[in-house]
Each structure stands twice: as structure tokens, then as C-alpha cells.
Amino acid sequence: MVLSSPRPSIDLAAVARHVTELLRDRARVSTLHDMVVVDVDRDRLVEVARALRDDPATRCDLYSVNAGVDMGDGELRSVTFVRGVSTKVFAMLRTRCTELDAHVPSLVDVWPGANWCERETYDMFGIVFDGHPDLRRVFLEETFPGHPLRKSFMPPRSDARGG
């Protein structure tokens, strides 16, 4: 069995050119495997997300998932994956914040399916999704100290750990 990168089922270069023109200076556009990658500052995230959802050429109407990333240098990223069901466009929106200012706008108003995914990223990475309708932990109890997928996380001492 040979593993390879996913192959796009669309003219990815043409879609990337279109998205670059659509977004102009609001974001940086590139491609990776079968995806259009959109690096966007957090103050333009909702605007760019709506553009990808509403533009007839992309029509990204299916919210897939949000992933948090701890870059290890104080930078955190919120990475959102969306897909256009009819257009077959697959897009990744990447937004940066810092550990000291871990705030990113919520995309729940754009894609209601973002609700639980943003809660999970908040729980595990501590990224606060501003404007989220019910931002609270989804896996851990509210009193749990810290966010376990951050590289700086130290588990609380317990009898199970021998201390």
C-alpha cells in the first residue's frame, strides 16, 4: 500500500486565484494538497468566512472541524476546515493569537456547526471564541486547572501520579 497526498477533484489553482481576488488584502491565500489555505488575521476572520460561504464559486457551506495548535513559542492557532458540498472546494482558515491574548472571533453565526468544535478547542487549548453563545468546557469540569493540549501544560498533582 502506497500512501500519497490527497488529489484535488477541482482546478485548485483556479480556485486559489479566485479566492485571492475575492479576498484581496483581507487574507493570504495558498494551497496545500487538495485545500485552499486562507491565513487571516482575527479581526477579519468572520468577514472572510462569510465570503467563502457566500461566494458562488466556493460556497463553503459545510463546517467540518476546528483544531487548536500550540506552536510552542507563545503562539496559538485556530484552524477551521470547511467544504463546499456542491463546489467540492475544501478550505482551511488559519488564525493566530497568543497565549497572553488567546481570543479569536466565534464562527457560530457563520456556521452553526462550529458550536461544539469551538468549545472543544477552548477546553483543550484555552482559545476564547469571542461571541460564542455558550462557551464552556465540553470534556473537563469547569474547575479543571489549565488546558491539557497546550505545550506548557503541567498536570495537576494527584494520588494517581504519586504525589
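The sections below set out a description of the structure shown in this document. Everything numeric here is computed off the predicted structure, so don't read it as measured data.

**Here we look at the pattern of salt bridges**
- Taken as a whole, this structure holds ten salt bridges when the rule is applied.
- For Asp54, the salt bridge is made with Arg53, and the minimal N-O distance between the two is 2.6 Å.
- For Asp54, a relative accessible area of 39% gives the class partly exposed.
- One connected set of salt bridges, linked through shared partners, spans Arg26, Arg44 and Glu47.

**Observations concerning the pairing of strand E2 (residues 35-39)**
- Most of E2 sits inside the fold, with five of its five residues counted as buried.
- Burial along E2 is two-sided: the face carrying Met35, Val37 and Asp39 and the face carrying Val36 and Val38 are both buried.
- Relative to E2, strand E1 (residues 28-32) runs antiparallel, the two being bridged by five bridges. Looking at E2, one finds that Leu32 is bridged to Met35.
- Count of turn residues in the E1/E2 antiparallel hairpin: two residues, of which His33 carries a positive phi of about 55°.
- Note: E2 against strand E5 (residues 90-98), four bridges, orientation parallel. Paired with Val37 across the strands is Met92, a residue of E5.

**Brief notes about the packing of aromatic side chains**
- As enumerated under the stated definition, the model contains three aromatic pairs in all.
- Where Phe81 meets Phe90, the ring centres are 6.1 Å apart and the plane angle is 35°; that geometry is what we call tilted.
- Given a relative accessible area of 16%, Phe90 falls into the buried group.
- A cation over an aromatic ring shows up here: Arg119 above the ring of Trp116, its NZ or CZ 4.6 Å from the ring centre.

Rules and cut-offs
- Residues numbered from 1 in each chain as written.
- Predicted model: local features only at pLDDT ≥ 70, side-chain atom pairs only at ≥ 80, totals over all residues.
- Heavy atoms only, no water.
- Salt bridge = Lys/Arg side-chain N within 4 Å of Asp/Glu carboxyl O.
- Buried < 20%, exposed > 50% of the residue type's maximum accessible area, 1.4 Å probe, protein only.
- Helix = DSSP H or I, 4+ residues; strand = E, 2+ residues; numbered from the N terminus.
- Pairing = 2+ DSSP bridges.
- Phe/Tyr/Trp six-rings, centres within 6.5 Å; stacked < 30°, edge-to-face > 60°.
- Lys NZ or Arg CZ within 6 Å of the ring centre and 35° of its normal.

The values reported here are purely geometric and, on their own, carry no functional implication.
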